[in-house]
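# Descriptive structure summary
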Amino acid sequence: MKRWEVVRSGILSDIHAGAFENGRLPRDLVLAERFGVNRHTVRNAIKVLESEGALRVQHGVGTFVADDFISHTLDSDPRFTFKLLGQNKSVKREILSINEISVELDVARHLKIAPSALVTAVRATSFINDWPLATGTSYFPVERVPGLVSAFHGLNSPTAALKRCGIPGYKRKWTRITARRPTQQEALLLRVSSSSPVLFETNVDVTLDGLPIKYAFSVIRADRYEYLIEEGD
């Protein structure tokens, strides 16, 4: 690992631990002494972290932790909004559309339903501190969650809507993450260039007794987001 990468990793660890008072980093010289490198190496690490969206550099003022950078721990709990609120983030979800449609073959396979079955398709965009983070579609089998369209009335939370339909809880079965370029519509919703790489996540959630209840895909801004995988005890 190169020296600037060691510095980058160390600063990220401090960000996650909330080590910087008021979100402000120490001066370059202080960081250089701490990591045993020169100031140029520190500046390289900070430049990379700024490009990744983890830091904000205000010239003549200082370097600060970006409050719109998200670290998401991969586990069986699918409640994304709940986790972000725990990071003191302002979270908002905008529902773009909710419709009952004929299921696509790939979606039917993941939900373990007949190819001719109906699903409730919920298109939404998520915002962190008023900046778009992710956009995507979630599919719920109508035969297992009847009345979901009505249940969303006045709500923008899938968890709350599912509770109205008698689904008290659910958990993540699997998550798959790849990378690609956004479509023109995705780039517009996320406010990024169509040449910027994005993360593409697909996942399946199941009821507490193991029945598939949701298949979803999300297109996520790679410059604001990272996945954290922690080893169990």
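Anyway, here's the lowdown on the structure attached to this text. If you're wondering where the values come from, they're calculated on a predicted model, not measured in any experiment. (Residues numbered from 1 in each chain as written. Predicted model: local features only at pLDDT ≥ 70, side-chain atom pairs only at ≥ 80, totals over all residues. Heavy atoms only, no water.)

Moving on, we get to the pattern of salt bridges. By the definition in use, this model includes seven salt bridges. Here glutamate 201 and arginine 172 are joined by a salt bridge, their closest N and O atoms 3.8 Å apart. In this pair, glutamate 201 is assigned in strand 8 (residues 198-207) and arginine 172 in strand 7 (residues 170-180), connecting sequence segments 29 residues apart. Take glutamate 201 and arginine 172: they sit in the same class, and that class is buried. Put simply, Arg172, Glu201, Asp205 and Lys214 are held in one network by salt bridges that share partners. (Salt bridge = Lys/Arg side-chain N within 4 Å of Asp/Glu carboxyl O. Helix = DSSP H or I, 4+ residues; strand = E, 2+ residues; numbered from the N terminus. Buried < 20%, exposed > 50% of the residue type's maximum accessible area, 1.4 Å probe, protein only.)

Residue position: threonine 41 is located in helix 3 (residues 39-51). The spacing of threonine 41 and phenylalanine 217 is 176 residues in sequence and 38 Å in space, taken between C-alpha atoms. If we ignore the near neighbours within four places in the chain, the residues touching threonine 41 are Arg3, Trp4 and Val7. (Contact = heavy atoms within 4.5 Å.)

Further remarks concern the packing of helix 2 (residues 28-35) against helix 3. The geometry of a pair of packed helices is captured by two quantities: the angle between their axes and the separation between those axes. The contact between helix 2 and helix 3 brings their axes to 8 Å, and the two run at 105 degrees. With respect to helix 3, the element helix 2 is oriented roughly perpendicular. For the pair formed by helix 2 and helix 3, the contact residues are Asp28, Leu29, Leu31 and Ala32 on the first element and Arg39, Val42, Arg43 and Ile46 on the second. A breakdown of the residues in the contact of helix 2 with helix 3 according to their chemical character gives five nonpolar, no polar and three charged. (Axes fitted to C-alpha atoms, helices over the stretch in contact; angles between N-to-C directions. Parallel < 35°, antiparallel > 145°, perpendicular 65-115°, else oblique. Nonpolar A, V, L, I, M, F, W, Y, C, P; charged D, E, K, R; others polar.)

To continue, consider the packing of aromatic side chains. Tallied over the full model, the rule gives two aromatic pairs. Centre to centre, the rings of tyrosine 139 and tyrosine 215 are 6.4 Å apart; their planes meet at 20 degrees, and the pair counts as stacked. Taken together, the positions of tyrosine 139 in strand 6 (residues 131-141) and tyrosine 215 in strand 9 (residues 212-221) put the pair 76 residues apart, joining distant regions of the chain. Residue tyrosine 139 is classed as buried on the basis of its relative accessible area, which comes to 9%. (Phe/Tyr/Trp six-rings, centres within 6.5 Å; stacked < 30°, edge-to-face > 60°.)

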